[in-house]
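Here is how the chains run, residue by residue.
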Amino acid sequence: RQMCIRDRAEIDSIEKSADGRLKIMDFSNTDEIFSSQLAASKNQYRDAIDMLYALGPSPCLSGFAYETRVKSLQLKIDFLDVYSAMYENDLKAGNIFYTTTPQFRTGLVEVMDEYENIRQRILFLQVLGRDIDRTLLDPQFTGTIGTVRGELDMMLDSVDAKMSFLMEYR
């Protein structure tokens, strides 16, 4: 039991650190500092979920609470992955305008397909985010879920706008 509590405290500490960073990140400014913050948070969330899997459902984290904690961490990891994918695709989308016509057409199809893929991932994460029972989470972790859900809403609007803009070039 003592080990369970100590392991959970370590997981809490790692997640809290990543949450603190995520809450203050400026998602409208993707510079090198932002990229390093994103990578650091993603790594910490992965460490926390790996430790949680190793701990498994236990007396200090019952079945539903354990499952909710895993979902919460997975939402944060996947959100950061989707954000990275969108950023990379935005760069590709900008670069296709500097290519020749045949390359432009090929690039446009690839970029549009990736935006559609990202859109589907965002929709899935929105459902996952709504499905997390916040009452089963420690209150210190519920705020980040709200932050992630808000960012996902803005990302969906952004993807839709980019797709409708690029549709004009099809």
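Bear in mind the structure is a predicted one, so any value in this text is a computation, not a measurement.

### Focus: the confidence of the model for the protein chain
For step 1, the next point in the chain: Mean pLDDT over the protein chain works out to 93, with 99% of the residues at or above the 70 mark.
For step 2, the next point in the chain: Least confident of the elements in the protein chain is helix H1 (residues 2–24), whose mean pLDDT is 89; most confident is helix H4 (residues 101–131), at 96.

### Focus: the packing of aromatic side chains
For step 1, the next point in the chain: Summed over the entire model, instances satisfying the criterion amount to 10 aromatic pairs.
For step 2, the next point in the chain: Look at Phe97 and Phe165: their rings are 6.4 Å apart centre to centre, the planes differ by 45°, and that puts the pair in the tilted class. Here Phe97, found in the loop between helix H3 (63–95) and H4, pairs with Phe165, found in helix H5 (residues 139–167); they are 68 residues apart in sequence, far enough to count as distant.

### Notes on the side chain of Ser84
For step 1, the next point in the chain: The residue Ser84 is located in helix H3 in this model.
For step 2, the next point in the chain: Ser84 gets classed as buried once you look at its relative accessible area, which sits at 14%.
For step 3, the next point in the chain: Excluding residues within four positions of it along the chain, Ser84 makes contact with Leu38 and Lys42.

### Comments concerning the side chain of Thr68
For step 1, the next point in the chain: Here Thr68 lies in helix H3.
For step 2, the next point in the chain: For Thr68, the contacting residues outside a window of four places in its chain are Ile132, Asp133, Leu136 and Leu137.

### Considerations on the pattern of salt bridges
Charged atoms that come close allow side chains of opposite charge to pair.
For step 1, the next point in the chain: Here the structure, examined in full by the defined rule, presents 10 salt bridges.
For step 2, the next point in the chain: Between Asp12 and Arg69 there is a salt bridge, with the nearest N and O atoms lying 2.7 Å from each other. Taken as a pair, Asp12 in helix H1 and Arg69 in helix H3 lie far apart in primary sequence, 57 residues in all. Judged on exposure class, the residue Asp12 and its partner Arg69 are both buried.
For step 3, the next point in the chain: With its nearest N and O atoms 2.5 Å apart, the salt bridge here joins Asp160 to Arg119. Remark: Arg119 occurs in helix H4 and Asp160 occurs in helix H5; sequence separation between them is 41 residues.
For step 4, the next point in the chain: A residue is classified by how much of its surface remains accessible, and Arg119, at 22% relative accessible area, is partly exposed.
For step 5, the next point in the chain: Residues joined by salt bridges that share partners form a network here, namely Asp12, Glu15, Asp19, Arg69 and Lys76.

### Concerning the nonpolar core
Soluble globular proteins tend to pack their nonpolar side chains together in the buried interior.
For step 1, the next point in the chain: Counting 47 residues, the largest nonpolar core has Leu22, Leu75, Phe79, Tyr115, Ile118 and Ile122 as the members making the most contacts within it.
For step 2, the next point in the chain: When contributions to this core are tallied by element, the ones reaching two or more residues are H1, helix H2 (32–55), H3, H4 and H5.
For step 3, the next point in the chain: The leading source of residues in this core is H3, at 13 residues.
For step 4, the next point in the chain: Every residue in contact with Ile118, bar those within four places of it in the chain, is listed here: Val82, Ala85, Met86, Asn89 and Val159.

### With respect to the packing of H4 against H5
For step 1, the next point in the chain: Between H4 and H5, the shortest axis-to-axis distance is 9 Å and the interhelical angle comes to 155°. Compared by their axis directions, H4 and H5 come out roughly antiparallel. Regarding H4 and H5, the two cross each other, and that crossing is left-handed.

### Focus on a nonpolar patch on the surface
For step 1, the next point in the chain: On the surface, Phe97, Tyr98, Phe165 and Tyr169 cluster together to form a nonpolar patch covering roughly 480 Å² of accessible area.
For step 2, the next point in the chain: The exposure class assigned to Phe165 is partly exposed, which follows from its relative accessible area of 41%.

What counts, and where the lines are drawn
- Residues numbered from 1 in each chain as written.
- Predicted model: local features only at pLDDT ≥ 70, side-chain atom pairs only at ≥ 80, totals over all residues.
- Heavy atoms only, no water.
- pLDDT = per-residue confidence, 0-100.
- Helix = DSSP H or I, 4+ residues; strand = E, 2+ residues; numbered from the N terminus.
- Phe/Tyr/Trp six-rings, centres within 6.5 Å; stacked < 30°, edge-to-face > 60°.
- Buried < 20%, exposed > 50% of the residue type's maximum accessible area, 1.4 Å probe, protein only.
- Contact = heavy atoms within 4.5 Å.
- Salt bridge = Lys/Arg side-chain N within 4 Å of Asp/Glu carboxyl O.
- Core = buried A, V, L, I, M, F, W, Y, C linked by side-chain atoms within 4.5 Å.
- Axes fitted to C-alpha atoms, helices over the stretch in contact; angles between N-to-C directions.
- Parallel < 35°, antiparallel > 145°, perpendicular 65-115°, else oblique.
- Left-handed = near helix turned anticlockwise from the far one by under 90°.
- Patch = residues over 30% accessible without salt bridge, like charges linked within 9 Å, V, L, I, M, F, W, Y side chains within 5 Å.
- Areas by Shrake-Rupley, 256 points an atom, 1.4 Å probe, with all protein chains shown as cover.

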